[in-house]
Amino acid sequence: MGVFNRASYSASHGAISARQLVIDEDSEINKNNQGTPPSSSTSSTEAPLKRLVVRDLPFHQSSNSLRVRHQMSKEYSKKAKGRHSAGGLGFFHWYIEDWFHVLLRLRTVVSVSAFTVVWTAFLLIFAGVYVMVDRINPDQACGLGEPGYPIKFYGAFAFSLETTTTVGYGLPNGVNGFFDACPELQVAIYFQMLISMFLNAFLLSFFFARLSRCEARASQVLFSDKAIINREMLPNGITRYMLSARVYDADSMYPTVEAHCRFYAVKHRDMHVKDNSGVRFPLKLEPMRVAKPNDDWGELLYTSIPSIATHHIDYYSPLSPPSKQKLGPEDGRLSRDSGFVMDPCGLSLREGDSYTGGQDGLRCVVCGETYGTVANLIQHIRYYQHSEKHDNYPIVGSHLELDVDAIFKKKDRDEPTNGKSKRPDASNETRIDIDKPPKPWYDEYRNYLIKANIEVLCVVEAIDPITSGTFQALQSYTIDDICFDKEFAPCVIADRLPDKESSNFWGRLACAWLTRRVFVGRSAVGRSIKIDLDSFHDVVEVGEGCS
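Quantities reported herein were computed from a predicted structural model and do not represent experimental measurements.

A. The arrangement of the side chain of Glu455 in detail. Along the chain, the position of Glu455 falls in strand S10 (residues 454-463). Summary of buried charges: Glu455 has no salt-bridge partner, and the nearest side chain of opposite charge, Arg51, is 5.0 Å away. Engagement of the side chain of Glu455 in a polar contact is seen with the side chain of His268, the distance being 2.9 Å. Excluding residues within four positions of it along the chain, Glu455 makes contact with Lys50, Arg51, Leu52, Val53, Tyr264, Ala265, Val266, His268, Ser476, Tyr477 and Thr478.

Put into structure tokens, the structure is as follows:
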């Protein structure tokens, strides 16, 4: 059985309950623990993956477009129109209500062409109005055509254009007047000027909003082509697993304001199998806590220098395999079903906060005291066991009935080096059997990413310092874009000016000064470092790159 099996389609709702997901995941764990191989007939490893965020730009980047569209049946649309007063909606109701932003989304060529057509139609309509007005009383000299000869359409169009643009070429028949004898013409001119005034104001605001938008600024935020998943051993003997991605703003001379990063996990599972085209899936965009930069501080990044954003794959992480979550926190040191692990109540928590006193995730089943780490909980139990034994407490209902060795699993602890964490050494691993070598530590994570069809979304939001507009950059990582047990390659190089003895020294110096100082406004002469974009996307072995 795969991690996820498609439930039967319900005619009333056509949905799969979230409870079914949990049951299938638990049954998967139990069968694997009993040695029963999962069935390949419904395995989601065969399910294709269609990204929500497509990498359609050079350098493995995304244009920030989500592959999402809407669907609404005709029956529901009719019901919505019938109860419009009660809040019913038609399919295009959302777009009509927010028409201004819909127009802003159009391409500039399309919007300019559309407004040109509308403006020209506006001139033609009032040209026809002027022809009609002048023909009401053709013998009256209204200033458009000569008495007895009403104005032609071409002349009326020129008068309409002159009125709209307020050029002031004069009247078609060469006289100047205020149309005292033609009140109909005054009314027509009034409404054309009124509509023209609102139209000019709209066009000014539209083009200003269109040209000053910050969406295109996101194209200068670069994400690494690969995300990496690696591990390290903490001084307390706990193994920590991490997912990392690298971010850099190519326009580093103009740093963004309050840039921050977020991660989300999308579990597609069997959604894109051909047989599941009509099934409603409970797709969730699960938030992933960011450890570096700390999301408690706003996940702030300084993107002018390549920065690494990190998510800890711990007990609460949506990237943690179900078998790991069943083992419990601290890499399986305390079982989830032991009664000592507190329910997160649907909150997105981190084990790292428990280690540093930010939150308590463990609870003593006897007295209810809460603790952040297993070590503190063990010390609490042993202390009270010693105290209760000395005071002759009854065993039942006290800490004396707790068997510490049976409840808590022992972990082999590496000795800390100067208080710094270190990665697990291969010499401390289980001895290798030549006939049956051990599986890599990341096999469990890789298999879960494949079976659950997980897509990791990395979102960077920042404010452009010139226009003060907020923009958002997106990147997508799937199993094809994730490297295990790797590090990012160094990509920063010391920058220096060419030697004065070189023949092109003064030419390059003048070119750099003119390019930056005259045209851009800032000079890059004498800069300190430069970023090698070729190495920005590279990954290397652990110990050779940026840890």
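That was the structure; now back to the text.
B. Expanded view of a nonpolar patch on the surface. Taken together, the side chains of Val187, Tyr190, Phe191 and Ile195 define a hydrophobic patch exposed on the protein surface, amounting to about 380 Å² of accessible area. When you line up the elements, Ile195 lands in helix H7 (residues 183-211).

C. Structural detail: the confidence of the model for the protein. Residues at a pLDDT of 70 or more form 74% of the protein, whose mean pLDDT is 76. Contacts of residues 83-88 to residues separated by more than four positions or lying in other chains number 4 contacts, the stretch itself having pLDDT below 50. Residue range residues 412-424 is modelled with pLDDT below 50. Its contacts to residues more than four positions away, or to other chains, number 31 contacts.

D. Examining the packing of aromatic side chains more closely. This structure, assessed with the given rule, holds 20 aromatic pairs. For the ring pair Phe115 and Phe202, a centre distance of 5.6 Å and an interplane angle of 75 degrees mean the geometry is edge-to-face. With Phe115 in helix H5 (residues 108-134) and Phe202 in helix H7, this pair connects stretches of sequence that are 87 residues apart. Each member of the pair, Phe115 as well as Phe202, carries the same accessibility label: buried. For the pair Tyr190 and Phe191, a centre-to-centre distance of 5.2 Å together with 75 degrees between the ring planes defines the contact as edge-to-face. Within the aromatic cluster, the residues linked to one another by ring pairs are Trp99, Phe100, Phe115, Phe202, Phe206 and Phe207.

E. Representation of H5 in the model. In this model, H5 (27 residues) spans 39 Å end to end at C-alpha, consistent with the 39 Å of a helix rising 1.5 Å per residue. Where H5 is buried, its residues meet helix H4 (99-105), helix H6 (153-165) and H7.

F. A look at the nonpolar core. Among the nonpolar cores identified, the biggest contains 36 residues, and Phe263 and Leu319 are the most heavily contacted of them. When contributions to this core are tallied by element, the ones reaching two or more residues are strand S1 (221-223), strand S2 (227-233), strand S3 (239-249), strand S4 (257-267), helix H13 (443-451), S10, strand S11 (470-477) and strand S12 (482-484). Sort the elements by how many residues they give to this core and S10 lands first, with 5 residues. When neighbours within four sequence positions are excluded, Phe263 is seen to be in contact with Leu243, Ala245, Glu286, Pro287, Met288, Val290, Ala309, Thr310, His311, Val456, Leu457 and Cys458. One finds Leu123, Cys142, Leu144 and Phe159 within the second-largest nonpolar core, a separate group that totals 17 residues.

G. A look at the pattern of salt bridges. The final tally for this structure, using the stated rule, is 15 salt bridges. Residue Glu286 is joined to Lys267 by a salt bridge in which the shortest nitrogen-to-oxygen separation is 3.8 Å. Placement of the pair is Glu286 in strand S5 (residues 285-288) and Lys267 in strand S4, with a sequence separation of 19 residues. For the salt bridge of Asp295 with Arg289, the shortest nitrogen-to-oxygen distance reads 2.6 Å. Here the two residues Asp295 and Arg289 agree in accessibility, since each one is buried. Within this structure, Arg51, Arg55, Asp225 and Asp481 form a network of salt bridges that share partners.

H. Examining the pairing of S3 more closely. Counted residue by residue, S3 has 10 buried out of 11 residues, so it is predominantly covered. Note: S1 against S3, 3 bridges, orientation antiparallel. Along S3, the bridge assignment pairs Leu222 with Tyr248. Pairing analysis gives 6 bridges linking S2 to S3, with the strands arranged antiparallel.

I. Highlighting the packing of H6 against H7. Taken N-terminus to C-terminus, the directions of H6 and H7 make an angle of 50 degrees; their axes are 9 Å apart at the nearest point. Taken together, the axes of H6 and H7 are oblique relative to one another. At the point where H6 passes H7, the crossing takes the right-handed sense. Two secondary-structure elements touch here, H6 through Phe159, Ser160, Thr163 and Thr164 and H7 through Ile189, Gln192, Met193 and Ser196. The residue makeup of the contact of H6 with H7, split by class, is 3 nonpolar, 5 polar and no charged.

Rules and cut-offs
- Residues numbered from 1 in each chain as written.
- Predicted model: local features only at pLDDT ≥ 70, side-chain atom pairs only at ≥ 80, totals over all residues.
- Heavy atoms only, no water.
- Helix = DSSP H or I, 4+ residues; strand = E, 2+ residues; numbered from the N terminus.
- Buried < 20%, exposed > 50% of the residue type's maximum accessible area, 1.4 Å probe, protein only.
- Lys, Arg positive; Asp, Glu negative; His and termini not counted.
- Salt bridge = Lys/Arg side-chain N within 4 Å of Asp/Glu carboxyl O.
- Polar contact = N/O pair within 3.5 Å; in protein donor to acceptor, adjacent residues only side chain to side chain.
- Contact = heavy atoms within 4.5 Å.
- Patch = residues over 30% accessible without salt bridge, like charges linked within 9 Å, V, L, I, M, F, W, Y side chains within 5 Å.
- Areas by Shrake-Rupley, 256 points an atom, 1.4 Å probe, with all protein chains shown as cover.
- pLDDT = per-residue confidence, 0-100.
- Phe/Tyr/Trp six-rings, centres within 6.5 Å; stacked < 30°, edge-to-face > 60°.
- Expected span 1.5 Å × (residues − 1).
- Core = buried A, V, L, I, M, F, W, Y, C linked by side-chain atoms within 4.5 Å.
- Pairing = 2+ DSSP bridges.
- Axes fitted to C-alpha atoms, helices over the stretch in contact; angles between N-to-C directions.
- Parallel < 35°, antiparallel > 145°, perpendicular 65-115°, else oblique.
- Left-handed = near helix turned anticlockwise from the far one by under 90°.
- Nonpolar A, V, L, I, M, F, W, Y, C, P; charged D, E, K, R; others polar.

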